[in-house]
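The residues making up each chain are set out below.
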Amino acid sequence: MGEREIKEILAEALGMPAAEIPDDAKQGEFEKWDSVRHLNFVVALEKRFDIEFEPEEIAEIRTLGEVVAVVETRRR
């Protein structure tokens, strides 16, 4: 598990190639990364990694790096 895999999940949620998503991606930088796709991304992460996000976390995570950090914390 790592940033690359999470980026692939984000790319699928946004309907775009992972190569087009920079490592420092932020939600506000992508027109496609709206609130609905954000929730789809979170649900896909929860299913893939068998984790659960707190509602507050879902609202607060806005960058790829923040998502990676939360997933890694949950997987320990």
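Peer 1: What should I look at first to understand the overall build of the chain in this one?
Peer 2: What the chain contains, in helices and strands, is 4 helices and 0 strands. Going from the N terminus to the C terminus, the chain shows its helices and strands as α-α-α-α. Taken over the C-alpha trace, the chain has a radius of gyration of 11 Å; the compact-globule value for 76 residues is 11 Å, and the two agree within 12%. Across its three principal directions, the C-alpha atoms of the chain cover 30 × 25 × 20 Å. The buried share among the 76 residues of the chain stands at 41%. Long-range contacts, defined here as pairs at least 24 residues apart, represent 44% of the contacts in the chain between residues at least 6 apart. Total accessible area on the chain stands at roughly 4,800 Å², and carbon and sulfur atoms take up 46% of it. Side chains of the chain give 11 positive and 19 negative charges; the mean places of these two sets differ by 3 Å.

Peer 1: Before we go on, may I ask you to explain a negative patch on the surface in this structure?
Peer 2: Taken together, the side chains of Glu52, Glu54, Glu56, Glu60 and Glu66 present a region of like negative charge at the surface. Relative to the assigned elements, glutamate 60 resides in helix H3 (residues 55–60). A relative accessible area of 57% places glutamate 60 in the exposed class.

Peer 1: Any chance you could explain the nonpolar core here in plain terms?
Peer 2: Grouped burial of nonpolar side chains is what soluble globular proteins tend to show. In terms of nonpolar packing, the biggest core is built from 25 residues, with Ile6, Ile21, Phe41, Leu45, Phe53 and Val71 touching the most fellow members. If you list the elements that add at least two residues to this core, you get helix H1 (3–14), helix H2 (35–49) and helix H4 (64–75). The leading source of residues in this core is H1, at 6 residues.

Peer 1: Help me understand the environment of isoleucine 9, please; the structure alone is not making it clear to me.
Peer 2: Among the secondary structure elements, isoleucine 9 is positioned in helix H1. Along the sequence, isoleucine 9 and arginine 48 sit 39 residues apart, while their C-alpha atoms lie 8.9 Å from each other. Not counting chain neighbours up to four residues away, the residues in contact with isoleucine 9 comprise Phe41, Ala44, Leu45, Arg48 and Phe49.

What counts, and where the lines are drawn
- Residues numbered from 1 in each chain as written.
- Predicted model: local features only at pLDDT ≥ 70, side-chain atom pairs only at ≥ 80, totals over all residues.
- Heavy atoms only, no water.
- Helix = DSSP H or I, 4+ residues; strand = E, 2+ residues; numbered from the N terminus.
- Rg over C-alpha atoms; globule rule 2.2 N^0.38 Å.
- Buried < 20%, exposed > 50% of the residue type's maximum accessible area, 1.4 Å probe, protein only.
- Contact = heavy atoms within 4.5 Å.
- Areas by Shrake-Rupley, 256 points an atom, 1.4 Å probe, with all protein chains shown as cover.
- Lys, Arg positive; Asp, Glu negative; His and termini not counted.
- Charge placed at Lys NZ, Arg CZ, Asp CG, Glu CD.
- Patch = residues over 30% accessible without salt bridge, like charges linked within 9 Å, V, L, I, M, F, W, Y side chains within 5 Å.
- Salt bridge = Lys/Arg side-chain N within 4 Å of Asp/Glu carboxyl O.
- Core = buried A, V, L, I, M, F, W, Y, C linked by side-chain atoms within 4.5 Å.

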